[in-house]
2 protein chains.
Amino acid sequence: MPNASTPCLIYPMRGVLDVPETLIPVNEALLDGLARVEACFDRQLETDIPPVNDLCKHIERYRGKMLRPTLVLLCGLAVHPDTPRLIDAGASLAALWTDEHIGLGAVVEMVHMATLVHDDVLDEAEVRRRGRTVNSLHGNEAAVILGDYLLASAYHLCSSVESRDAALAVGDTAMTMASGELLQLHHRDDLSLDEATYFEILDRKTAALIGLSCALGAAASGAERDLVETLRRFGRDMGVAFQIRDDLLDLMGEESVIGKSVRRDLAKGKLTLPLIHTLANADPRVRGDVLDTIRGLDENRSQGMDAAVDQLVATMRDFGSIEYAKATAADLVSRAKSSLAVLPDSPVRRFIEFSADAVVTRRF
Amino acid sequence: MPNASTPCLIYPMRGVLDVPETLIPVNEALLDGLARVEACFDRQLETDIPPVNDLCKHIERYRGKMLRPTLVLLCGLAVHPDTPRLIDAGASLAALWTDEHIGLGAVVEMVHMATLVHDDVLDEAEVRRRGRTVNSLHGNEAAVILGDYLLASAYHLCSSVESRDAALAVGDTAMTMASGELLQLHHRDDLSLDEATYFEILDRKTAALIGLSCALGAAASGAERDLVETLRRFGRDMGVAFQIRDDLLDLMGEESVIGKSVRRDLAKGKLTLPLIHTLANADPRVRGDVLDTIRGLDENRSQGMDAAVDQLVATMRDFGSIEYAKATAADLVSRAKSSLAVLPDSPVRRFIEFSADAVVTRRF
């Protein structure tokens, strides 16, 4: 039974997923590994400047699904040559994670947190994971610098792990993420945004880091380049599906369930998949009505939006666009899972598949 | 004769400094080295996303003094074992800079640019280096993400140079810089800010990166740890002096000369050295008057400020606080130069001393 006060998708300690019995050994190992990631994360952010520590304490409250470190750890196990032997022996898999796996788990979570903190400034969001956002509590300035502090910390931690390739890949991915955000910003209020550009934005701003998490975990276990790239592809497909779902939740969800501000995308002029689908495929009359409604939103973004958005959602639903977006996400998850066919069947692989499925069924 | 359209302190190509004749060989080498740094900088920022490239083009206009890469290059020469031989032979010193020196020069400039772009968001500044700021032209959102893109690019470039120590040091310094900015924010509107905390803020937000530039340049030429640390100390002292001067220019300068928005510090509740000095040392009556004036500014920050600030400056001047701040900066430059005594006397050392002197005499 999900616990409403702990909004987590995968992190099993927080009791959101009903993990099948055969996956419990993986689950138990993850509890251990993620606790090590959290400890590493907290240690890295410690400073001798009290106001900085106070802000970082706030960040701890943002910690949610831990999806990205979970993928580092799971992909690290999935390719590890000793995993089958430990499973057969009934021994804990947690022993296979080195300091490099743990450090990289903290790095990807820190990069993710930095983008959350900066996104909340950009989105003028007030609620995140059921708490007030940094910007709404401490102002935009604190949020901008705190995000920079998190990025610097991630990079510093990353440079202290063994592999220089990891540091290069993290820098490269952070560039890709920022370019995706800039591309999204460039297309704000662009009512002719097409699907290809929408997917390009998602792939950059969200999927690149999820793919990186899978790749880093596999590489830290010594996987060959081809296998690393296959797992990255898995993560990218899963990541795009994840963001489509996120966009749907923003459109349809309730703040009390999701735990963050909703319907920000339309308010900020961001077109998402259902709307792109309706606009691209509706007949001229429906299309004209939808455009009028959106332009109307534009004029009084903050007030009277709920009724207008409800009407838009009804139109998109009638037109099959909500189902289309859900089906697109489901197809991406299927494709992602098919990438995993290169791995031997094992509880670890099944746990990863299970996590991928959860991406499109989650309600928050 | 300074050229008003090219506001540069040290970068000799732009003709601001009258370089003494004996230093011309160093000057010529720097022209060559800084052009390589610029090319590396531009190459690193190139992407396949046109709106990102457009924003990066804007960044090129921010390029000013190139103080930090200049220090990487000069300190790289100052400790290089082959420098004296090349000087004696009349050969160009530019041959001594490896790709590592050049890459690190681009890295420190990129970190600096990222903080400029984010600072302008925080300061709500509209003018920077005689052009409109990114935030005023493209909005705060573009400026926040562009800063992130620059930081990510710096980290990526830094991970591609040989030394892992450099990547660690850049991450560490970026953390220090952000913590300095957060400390400054914490003390906004704090009318009892003391000198020790003011210097701590300056050392972190400004001097750490200038010190790092000197250290990286020396380390890339193979200097021993002690010498690297001595040059870092030189850079930190020079950096604190640089920021004291910057704060004075904000208080006293004219936008048309400095090329950026002025008197932002008082408007944003930032106390700087002259005011801290007056408040700490004035008798209760003067102190009371000054506090009343500052609190008055606070109420109508944008309007009627000029006359009130003029009056404050007059009080600080009468009280000797402007002179005190200038003398403090000059003392720091002297101490910085005395650190250089470990280097053999050479045109390179004299060029570095010359650059340090320019920090406290510059008018922009």
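### Re the overall build of chain A
Here is step 1: For chain A, the count of helices and strands is 16 helices and two strands.
Here is step 2: Counting over 364 residues, chain A shows a buried share of 62%.
Here is step 3: Nonlocal contacts in chain A, meaning residues at least 24 apart in sequence, comprise 76% of its contacts between residues at least 6 apart.
Here is step 4: Total accessible area on chain A is roughly 14,200 Å²; 49% of this is exposed by carbon and sulfur atoms.

### Quick word on the environment of Ile 322 of chain B
All names here are of chain B.
Here is step 1: Position of Ile 322 among the secondary structure elements: in helix α15 (residues 321–339).
Here is step 2: Classification of Ile 322 as buried rests on a relative accessible area of 2%.
Here is step 3: Ignoring sequence-local partners within four residues, the contact set of Ile 322 consists of Leu 248, Leu 251, Met 252, Pro 274, Met 316 and Arg 317.

### Brief notes about the relation of the copies chain B and chain A
Here is step 1: With an RMSD of 0.0 Å, chain B superimposes on chain A once it is rotated by 180 degrees and translated 0.0 Å along the axis. In symmetry terms, the pair is related by a two-fold rotation axis.
Here is step 2: A share of 98% of interface residues in chain B that are also interface residues in chain A marks the association as one of identical surfaces.

### As for the packing of aromatic side chains
Residues and elements named next belong to chain B.
Here is step 1: Under the definition given, this model contains five aromatic pairs over all chains.
Here is step 2: Relative to Phe 199, the ring of Tyr 198 lies with its centre 5.5 Å away and its plane at 65 degrees, an arrangement referred to as edge-to-face.
Here is step 3: For Tyr 198, a relative accessible area of 3% puts it in the buried group.
Here is step 4: When its relative accessible area of 23% is taken as the criterion, Phe 199 is described as partly exposed.

### Overview of helix α6 (residues 134–160) of chain A
Here is step 1: Helix length check: α6 of chain A, at 27 residues, gives a terminal C-alpha distance of 28 Å against a target of 39 Å (1.5 Å per residue), a shortfall beyond 12%.
Here is step 2: For α6 of chain A, the principal kink sits at Asn 140 of chain A and spans about 100 degrees.

### Comments concerning the confidence of the model for chain A
Residue and element names in this part refer to chain A.
Here is step 1: Overall, the predicted model of chain A reaches an average pLDDT of 87, with 88% of residues at or above 70.
Here is step 2: Here residues 1–16 scores under 50 on pLDDT; set against residues more than four positions off or in separate chains, the count is 45 contacts.
Here is step 3: Prediction confidence for the complex, expressed as pTM and ipTM, is 0.89 and 0.87 respectively.

### Quick word on helix α8 (residues 195–220) of chain B
Residues and elements named next belong to chain B.
Here is step 1: In this model, α8 (26 residues) spans 35 Å end to end at C-alpha, consistent with the 38 Å of a helix rising 1.5 Å per residue.
Here is step 2: The sharpest bend along α8 measures roughly 50 degrees and falls at Ala 207.
Here is step 3: A large share of α8 lies buried, amounting to 20 of its 26 residues.
Here is step 4: Once α8 finishes, Gly 222 follows within two positions and takes phi at roughly 85 degrees, a positive value.

### Notes on the interface of chain B and chain A
Here is step 1: Opposite the 43 residues of chain B that make contact, chain A presents 42 residues.
Here is step 2: With both sides pooled, the region where chain B packs onto chain A buries about 3,900 Å², and carbon together with sulfur makes up 74% of that total.
Here is step 3: Considering only the surface of chain B that becomes buried against chain A, Glu 141, Met 175 and Leu 182 of chain B emerge as the three largest contributors, covering 17% of it.
Here is step 4: Seen at the junction of chain B and chain A, the total is six salt bridges.
Here is step 5: The partner of Glu 141 of chain B in a salt bridge is Lys 268 of chain A, and the shortest N-O contact between them spans 3.4 Å.
Here is step 6: Scanning the region where chain B abuts chain A turns up 10 residue pairs in polar contact (both at pLDDT 80 or more).
Here is step 7: Taken together, the elements giving at least two residues each to the side of chain B that touches chain A come down to α2 (50–60), α5 (99–123), α6 (134–160), α7 (164–186) and α8 of chain B.
Here is step 8: Here the side of chain B that touches chain A gets 15 residues from one element, more than from any other, and that element is α6 of chain B.
Here is step 9: Broken down by class, the residue content of the side of chain B that touches chain A amounts to 23 nonpolar, nine polar and 11 charged.

### Some points on unusual backbone geometry
Here is step 1: Positive phi, normally seen in glycine, also occurs at Met 66 of chain A, with a value near 55 degrees.
Here is step 2: Looking at where Met 66 of chain A falls in the secondary structure, it is placed in the loop between α2 (50–60) and α3 (67–78).
Here is step 3: Looking at Met 66 of chain A, the relative accessible area reads 2%, which means it is buried.
Here is step 4: The phi dihedral of Asp 189 of chain B is positive, around 65 degrees, even though this residue is not glycine.
Here is step 5: Its location among the elements puts Asp 189 of chain B in the loop between α7 and α8.

### With respect to the nonpolar core
Here is step 1: Counting 247 residues, the largest nonpolar core has Ile 244 of chain A together with Ile 244 of chain B as its most contacted members.
Here is step 2: If we ignore the near neighbours within four places in the chain, the residues touching Ile 244 of chain A are Tyr 198, Phe 199, Leu 202, Leu 273, Ala 325, Thr 328, Ala 329 and Leu 332 of chain A.

### Some details on the packing of α6 of chain A against α7 of chain B
Here is step 1: In the contact formed by α6 of chain A and α7 of chain B, the axes pass within 8 Å of each other and the chain directions differ by 160 degrees. Between α6 of chain A and α7 of chain B, the angle falls in the class roughly antiparallel. Handedness of the crossing formed by α6 of chain A with α7 of chain B: left-handed. The residues of α7 of chain B that touch α6 of chain A, namely those facing Glu 141, Ala 142, Ile 145, Leu 146, Asp 148, Tyr 149, Ala 152, Ser 153, Tyr 155, His 156, Ser 159 and Ser 160 of chain A, are Arg 164, Ala 167, Leu 168, Gly 171, Asp 172, Ala 174, Met 175, Ala 178, Ser 179, Glu 181, Leu 182 and Leu 185 of chain B.
Here is step 2: Class assignment of the residues belonging to the contact of α6 of chain A with α7 of chain B gives a composition of 13 nonpolar, six polar and five charged.

### A short note on the pattern of salt bridges
Here is step 1: Under the criterion given, the structure shown has 28 salt bridges over all chains.
Here is step 2: A salt bridge links Asp 289 of chain A to Arg 285 of chain A; the shortest N-O distance between them is 3.5 Å. Of this pair, Asp 289 of chain A and Arg 285 of chain A both sit in helix α13 (residues 284–299), separated by four residues, roughly a single helical turn.
Here is step 3: Arg 285 of chain A sits in the exposed class, given a relative accessible area of 57%.
Here is step 4: Among the charged side chains, a salt-bridge network with shared partners connects Asp 48 of chain A together with Glu 200 and Arg 204 of chain B.

### Looking at the environment of His 277 of chain B
Residues and elements named next belong to chain B.
Here is step 1: Relative to the helices and strands, His 277 resides in helix α12 (residues 273–281).
Here is step 2: Taking the relative accessible area as the measure of exposure, His 277 reaches 13% and is therefore buried.
Here is step 3: Contact partners of His 277, with chain neighbours within four places excluded, come to Phe 319, Gly 320, Ser 321 and Tyr 324.

### A word on the side chain of Thr 83 of chain A
Here is step 1: One can find Thr 83 of chain A in helix α4 (residues 83–89).
Here is step 2: Apart from residues lying up to four places away in sequence, Thr 83 of chain A is in contact with Leu 77, Leu 93, Leu 96 and Val 348 of chain A.

### A few points about the packing of α8 of chain B against helix α9 (residues 225–252) of chain B
All names here are of chain B.
Here is step 1: Two elements in contact, α8 and α9, have axes separated by 6 Å at closest approach and are oriented at 140 degrees. With respect to each other, α8 and α9 are oriented oblique. As for how α8 packs across α9, the hand of that crossing is right-handed.
Here is step 2: The class makeup of the residues in the contact of α8 with α9 is 17 nonpolar, five polar and five charged.

### Section: the state of the cysteines
All names here are of chain A.
Here is step 1: Scanning the entire structure with this criterion turns up zero disulfides over all chains.
Here is step 2: The cysteine Cys 40 is free of any disulfide, with Cys 158 supplying the nearest cysteine sulfur at 11 Å.
Here is step 3: In this structure Cys 40 comes out as buried when scored by relative accessible area, which is 8%.
Here is step 4: Left without a disulfide partner, Cys 75 is nearest to the cysteine sulfur of Cys 214, which lies 3.8 Å away.
Here is step 5: Judged by relative accessible area, Cys 75 falls into the buried class, the value being 0%.

So, how was this worked out
- Residues numbered from 1 in each chain as written.
- Chains lettered and ligands numbered in written order.
- Predicted model: local features only at pLDDT ≥ 70, side-chain atom pairs only at ≥ 80, totals over all residues.
- Heavy atoms only, no water.
- Helix = DSSP H or I, 4+ residues; strand = E, 2+ residues; numbered from the N terminus.
- Buried < 20%, exposed > 50% of the residue type's maximum accessible area, 1.4 Å probe, protein only.
- Contact = heavy atoms within 4.5 Å.
- Areas by Shrake-Rupley, 256 points an atom, 1.4 Å probe, with all protein chains shown as cover.
- Least-squares fit on C-alpha atoms with pLDDT ≥ 70 in both.
- Phe/Tyr/Trp six-rings, centres within 6.5 Å; stacked < 30°, edge-to-face > 60°.
- Expected span 1.5 Å × (residues − 1).
- Bend = angle between axes of the 7 residues up to and from the residue.
- pLDDT = per-residue confidence, 0-100.
- Buried area = accessible area lost by both parts, 1.4 Å probe.
- Salt bridge = Lys/Arg side-chain N within 4 Å of Asp/Glu carboxyl O.
- Polar contact = N/O pair within 3.5 Å; in protein donor to acceptor, adjacent residues only side chain to side chain.
- Nonpolar A, V, L, I, M, F, W, Y, C, P; charged D, E, K, R; others polar.
- Core = buried A, V, L, I, M, F, W, Y, C linked by side-chain atoms within 4.5 Å.
- Axes fitted to C-alpha atoms, helices over the stretch in contact; angles between N-to-C directions.
- Parallel < 35°, antiparallel > 145°, perpendicular 65-115°, else oblique.
- Left-handed = near helix turned anticlockwise from the far one by under 90°.
- Disulfide = S-S within 2.5 Å.

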